[in-house]
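# Structural characterization, general
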Amino acid sequence: MSLRSGGRQLSFELLAGAGDLTADDADDISPRSLPDTTSDGQRRRRRRSKRKRGFRSPPIDEAASEGEQPRGEGGGDAAAAFRITDLRSAVETVCESSEPERSAASCVSYVGVELRQRTVSRGERVLAASAEDGASSCGSSTRESAAAAAVAADVAAAAWRPEANGGVKKKLEKEESLDWEKYMKENSNILGEVERIDNSPFSYFLGELYGGNSLRSTIAVGNEKKRQRVYNTMFHVPWRCERLIVAGFFVCLDSFLSLLTIMPARIVVTIWRVLKTRKFRRPNAADLSDYGCFIVLALGVASLQMIDISLIYHVIRGQGTIKLYVVYNVLEIFDKLCQSFGEDVLQVLFNSAEGLSVCSTDNVMFELMRFLLDEAIAVVAFVVHSFVLLAQAITLSTCIIAHNNALLALLVSNNFAEIKSNVFKRVSKENLHNLVYYDIIERFHITAFLLFVLAQNILEAEGPWFDSFLINASLVFLCEVLIDAIKHSFLAKFNEIKPVAYSEFLEDLCKQILNDKPDDRQKDLTFIPLAPACVVIRVSTPVYATLLPAGPFIWRIFWILLWSVLTYFMLAIFKILVGLILRCLANWYVNLRLRRKQHVD
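Predicted, not measured: the structure shown is a model, and the values here were computed from it.

Attention shifts here to the packing of helix H10 (residues 224–277) against helix H18 (residues 500–514). Relative to each other, H10 and H18 sit at 15 degrees, their axes nearing to 9 Å. On the basis of the axis angle, H10 is roughly parallel to H18. For the element pair H10 and H18, the recorded crossing hand is left-handed. In contact with Val237, Arg240, Cys241, Arg243, Leu244, Ala247, Gly248 and Val251 of H10, H18 contributes Val500, Tyr502, Ser503, Phe505, Leu506, Leu509 and Ile513. Here the contact of H10 with H18 is composed, by residue class, of eleven nonpolar, two polar and two charged.

Attention now goes to the UniProt feature "transmembrane region" (unreviewed entry) in the chain. Under the local residue numbering, the UniProt record ascribes the feature "transmembrane region" (unreviewed entry) to residues 244–274, 294–316, 376–394, 525–545 and 557–586. Counting secondary structure, residues 294–316 comes out at 87% helix and 0% strand; the distance between its end C-alpha atoms is 31 Å.

Bringing helix H17 (residues 466–494) into the picture now. The end-to-end C-alpha separation of H17 is 42 Å, in line with the 42 Å expected for 29 residues at 1.5 Å each. Count one or two residues on from H17 and you reach Glu496, which has phi positive near 55 degrees.

Here we take up unusual backbone geometry. A positive phi angle, close to 55 degrees, is found at Glu496, a residue other than glycine. Counting through the fold element by element, Glu496 comes out in the loop between H17 and H18. Exposure remark for Glu496: the relative accessible area of 64% places this residue in the exposed category.

Let's shift gears to the side chain of Ser352. Summarising the element assignment, Ser352 is placed in helix H13 (residues 324–358). Residue Ser352 is classed as buried on the basis of its relative accessible area, which comes to 1%. Once residues within four sequence positions are removed from consideration, Ser352 is found in contact with Glu367, Arg370, Phe371 and Asp374.

So, on to the packing of aromatic side chains. As enumerated under the stated definition, the model contains 17 aromatic pairs in all. Look at Trp465 and Phe469: their rings are 6.5 Å apart centre to centre, the planes differ by 65 degrees, and that puts the pair in the edge-to-face class. Of the residues examined, Trp465 reaches a relative accessible area of 22% and is grouped as partly exposed. Aromatic side chains Phe466 and Phe469 sit 6.5 Å apart centroid to centroid with 45 degrees between the ring planes, which places their arrangement in the tilted category.

A cluster of basic side chains, namely Lys225, Lys226, Lys493 and Lys498, defines a positive patch on the protein surface. When you line up the elements, Lys498 lands in the loop between H17 and H18. Here Lys498 falls in the exposed class, since its relative accessible area comes to 62%.

The next thing to look at is the pattern of salt bridges. Following the criterion strictly, the structure yields 13 salt bridges and no others. Lys487 is the partner of Glu418 in a salt bridge, and the nearest nitrogen-oxygen pair spans 2.5 Å. Here the residue Glu418 occupies a position in helix H15 (residues 406–422), and Lys487 occupies one in helix H17, the gap between them amounting to 69 residues. Note that Arg443 is salt-bridged to Asp484, the shortest N-O span being 2.9 Å. Here Arg443 is found in helix H16 (residues 429–460), whereas its partner Asp484 is found in helix H17, with 41 residues between them in sequence. Each member of the pair, Arg443 together with Asp484, is buried.

About the thresholds
Residues numbered from 1 in each chain as written. Predicted model: local features only at pLDDT ≥ 70, side-chain atom pairs only at ≥ 80, totals over all residues. Heavy atoms only, no water. Axes fitted to C-alpha atoms, helices over the stretch in contact; angles between N-to-C directions. Helix = DSSP H or I, 4+ residues; strand = E, 2+ residues; numbered from the N terminus. Parallel < 35°, antiparallel > 145°, perpendicular 65-115°, else oblique. Left-handed = near helix turned anticlockwise from the far one by under 90°. Contact = heavy atoms within 4.5 Å. Nonpolar A, V, L, I, M, F, W, Y, C, P; charged D, E, K, R; others polar. UniProt positions renumbered as here; feature names shortened; annotations may be inferred. Expected span 1.5 Å × (residues − 1). Buried < 20%, exposed > 50% of the residue type's maximum accessible area, 1.4 Å probe, protein only. Phe/Tyr/Trp six-rings, centres within 6.5 Å; stacked < 30°, edge-to-face > 60°. Patch = residues over 30% accessible without salt bridge, like charges linked within 9 Å, V, L, I, M, F, W, Y side chains within 5 Å. Areas by Shrake-Rupley, 256 points an atom, 1.4 Å probe, with all protein chains shown as cover. Salt bridge = Lys/Arg side-chain N within 4 Å of Asp/Glu carboxyl O. Lys, Arg positive; Asp, Glu negative; His and termini not counted. Charge placed at Lys NZ, Arg CZ, Asp CG, Glu CD.

Dropping the structure here:
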């Protein structure tokens, strides 16, 4: 490449001898190490003026280009001139201006180097150098521009040198973007679905038939434990629970018959002994307890005799705002409250009887007053309880006699309210034990209510009424049995109580019948038959009154005593049969449980 001899243009060749230069030589080619080509002040001033005019290159003598030593400071100037001459073959920027333009301003354009990193692939870097022409800002020094051009050329040469980038320059290809529809078309079974040729309803039905969803895919497969739980809910718990309730029902019946047969016989024997010996002695705690219960029973029956049943019947039936099943549910709640309170009252009364029987002579008056006070409280409590039971029996009788499906509404409301209030609660084994005993007492109270309905039909019904009564009574009993089975089945399921728990409850009840556990009375079935006995006596006396023949007063008294004795003997025989059967079955079941425990051990 040639330059004009006038010395107004300059070409620099960079890195021509880069392989032969040492580190010290590289320091010498820096812009600051280049020596001035002239030594006199005139030439310096000329060079400054040229810089201000348009970045014109400093003039270099032709002697310097031909290898002659320019005027300067010794050999350093010659070496610098040699190096500058060697820079010509790399980068050359020439800006020629016409003579008129030169006179105004000179413009020298340099090459700007821009380095860009396109991509990185497998550890290779490809640097692209693009040269863009641009006018350099006025005022930059020639030496700085030459050094920048040298560094740019060095970097570009190193970047494009094959051995610096692994020996082979590879062409990078653009990565293809992911097409989801194309991918799903090529991999149609990626989600485990069945391929469908088309979207017709028949093809969809076949696809669902052979590979569609089913209940098996949504429900976990059970095991033997799950099967046992199902069998417990459907068979074992209802059977064992109903067996326990039936046994408890006969225990309550035995207690009821004892109140009507054993207690009057003991009172008669005590009175006969006093009359025979003609010696009055202080009665023991058992005799005082019998006297107290007899007084409560007599006053309860007398109180209920003063109540007009027909009036209560019409008041309950004529309610417009309060439905019959609401009245029945309210009375049932009060029944349970009276049961709990009556148990405490009887315990206090028996405690007072025991204190009166063993007290000293000085404390007799105090103990007697306390016994009488407790007796009065017991009379009030059981009279109220008897009235609640009588009202409940009248409500049930009203529902049975009514012809607007009142009985069905009563059964649905009462039974499902019982399920709702008990099933979805967390109960322990002891609470379940008490709940079963409440169901036993409720079953006995329902039996007493049905006896009341039977007595009312005998007295007031006309025409063929027995078939209707039998159907309604069977419906009530079946609903009660079904509701108890459902309630206890799901209580055992939700609380993870095994059916063997009901067998343990029955074993405790059998031991109570046999009096094998006198020390543990907490698990006993506590049934107080005073209030049901008052109701039964109150509704049965009008039936006996219809059997009395007309005649003189003494003749009527004779028939009253005759029917009373016959009734007492029938009840006594029934009591003996029930008691003996209960003891035999209790003894058999306790021995059976003992043998099973020994076999398991």
